[in-house]
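Per-entry structural report
Here is what each chain is made of, one letter per residue.
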Amino acid sequence: MKKKATALAHPNIAFIKYWGNQNQELRIPQNGSLSMNLSGLEARTTVHFDSDLHADQFTLNDEPMDGAGLARVTKMLDRVRRLAGINQYASVSSQNNFPTGSGIASSAAAFAALALAASTAAGLTLSEKETSILARTGSGSASRSVPGGFVEWQAGSDHESSYAFSIAPPEHWDLVDLVAVVSQEHKATGSTAGHTLADTSPFQSARVQDAPRRIDICRTALLEKDFDAFAEIVELDSNMMHAVMQTSSPRLNYWRPATLAIMHAVQELRRGGIPVCYTIDAGPNVHVLCPKEFSDEVSEQLINISGVIKILAASPGGPAKLIPEGGN
Ligand code: DP6
């Protein structure tokens, strides 16, 4: 049996956010979420189960990793070894083509690619749903980087019922995500730690309770390509997550002055008739969304805002996929 496989996956940007888990260990979220995969940005991961190894090895962008990074990879490999009934250690090598600290979560692409490469290398043939479930255990948002295009992650209530599926292919809507980078520093509190604080905010239960309504509105807006309805619900959802973050204990405030300046500029542009909206993850950088035909105009406005370092652009991306050996 060939025990080596390579897979590629894109990161994703959530329009309706995941924040807080029902089950932290399995990453079963408190609410469902909706996202778009980001084309052009990718993680490529090769997994090789090898009986000559005495421990798992992990290199990220050619740097050997240990500590928490390696432990998180080993945890997923253990799950795959259990499923496949094998006991060899593996070498894992992963490359991201997008910068860390760019405001684009690398864990989603990384664990989607790892789930697909590791399960295939172990001889398993998992369905898309099973791969999404496996990816979720490594990083919740990774479940959404397995299917292609526009994706919904249904929260579910247990390991088997919490997975993501595509609601529309990438070519459905030519939206662009313009990431306005205002800081490239490593954030003080990452998402994994952040999720555990969500319930300390009195706003979290209201946010979670209202999530099915926001998902319905966002899904319909996406399917009907109704940008105005989309913009309203995406900004509301982002603001609700940040209200939870800013009222948890300890408080998480990811915004910088430039973050707020971009939020205001985006709303000003929208009032001026340009279809554009913002959404912000667990960091200070702002994801600015608009139809492709407006992306040059919006980029020009964003780059002139004081504190904006650079803009990265991405369009809707496809599913996680295997790369044949020697292929690309
Ligand atoms: C704010 O999926 O990065 O980006 O499961 O601990 O890896 P872990 O968390 P992660 O959380 C993502 C949080 C978010 C919102 C989102 O992408 O839905």
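What follows deals with the overall build of the chain. Scanning the chain from terminus to terminus reveals nine helices and 16 strands. Against the 2.2 N^0.38 benchmark of 20 Å for 328 residues, the chain shows a C-alpha radius of gyration of 19 Å, consistent with a compact globule. Counting only C-alpha atoms, the chain reaches 65 × 40 × 35 Å along its principal axes. Scored against the burial criterion, the 328 residues of the chain give a buried share of 53%. Relative to all contacts within the chain whose residues are 6 or more apart in sequence, the contacts with residues 24 or more apart total 75%. Side-chain charges of the chain comprise 27 positive and 34 negative groups, with the mean position of each set lying 5 Å from the other.

This brings us to the nonpolar core. By size, the foremost hydrophobic cluster in this structure holds 30 residues, and its most contacted members are Val47, Phe49, Met76, Leu77, Val80, Val92 and Leu114. Listed by contribution, the elements that provide at least two residues to this core are strand 1 (4–9), strand 6 (43–50), helix 1 (67–84), strand 9 (89–96), helix 2 (106–121) and helix 3 (128–138). It is helix 2 that contributes the most residues to this core, nine residues altogether. Residues Ile16, Leu38, Val179 and Ile215 belong to the second largest nonpolar core, which totals 28 residues.

Closest axis-to-axis distance for the helix 2/helix 3 pair is 8 Å, and the angle between their directions is 125°. Considered as vectors, helix 2 and helix 3 are oriented oblique to each other. Crossing hand, helix 2 versus helix 3: right-handed. On the side of helix 2, the interface is formed by Phe111, Ala112, Ala115, Leu116 and Ser119, while helix 3 contributes Thr131, Leu134, Ala135 and Gly138. In terms of residue class, the contact of helix 2 with helix 3 is made up of six nonpolar, three polar and no charged.

Our next topic: the site of the ligand. Around the ligand sit 17 residues in total, of which Arg27, Ser139, Gly140, Ser141 and Thr192 are the nearest. Arg144 places a side-chain nitrogen or oxygen 2.8 Å from an oxygen atom of the ligand. About the coverage of the ligand: the protein hides 97% of its 460 Å² of free accessible area. Looking at the shell around the ligand element by element, the count peaks at three residues for helix 4 (residues 191–197).

Calculation notes
- Residues numbered from 1 in each chain as written.
- Predicted model: local features only at pLDDT ≥ 70, side-chain atom pairs only at ≥ 80, totals over all residues.
- Heavy atoms only, no water.
- Helix = DSSP H or I, 4+ residues; strand = E, 2+ residues; numbered from the N terminus.
- Rg over C-alpha atoms; globule rule 2.2 N^0.38 Å.
- Buried < 20%, exposed > 50% of the residue type's maximum accessible area, 1.4 Å probe, protein only.
- Contact = heavy atoms within 4.5 Å.
- Lys, Arg positive; Asp, Glu negative; His and termini not counted.
- Charge placed at Lys NZ, Arg CZ, Asp CG, Glu CD.
- Core = buried A, V, L, I, M, F, W, Y, C linked by side-chain atoms within 4.5 Å.
- Axes fitted to C-alpha atoms, helices over the stretch in contact; angles between N-to-C directions.
- Parallel < 35°, antiparallel > 145°, perpendicular 65-115°, else oblique.
- Left-handed = near helix turned anticlockwise from the far one by under 90°.
- Nonpolar A, V, L, I, M, F, W, Y, C, P; charged D, E, K, R; others polar.
- Near = heavy atom within 4 Å.
- Polar contact = N/O pair within 3.5 Å; in protein donor to acceptor, adjacent residues only side chain to side chain.
- Areas by Shrake-Rupley, 256 points an atom, 1.4 Å probe, with all protein chains shown as cover.

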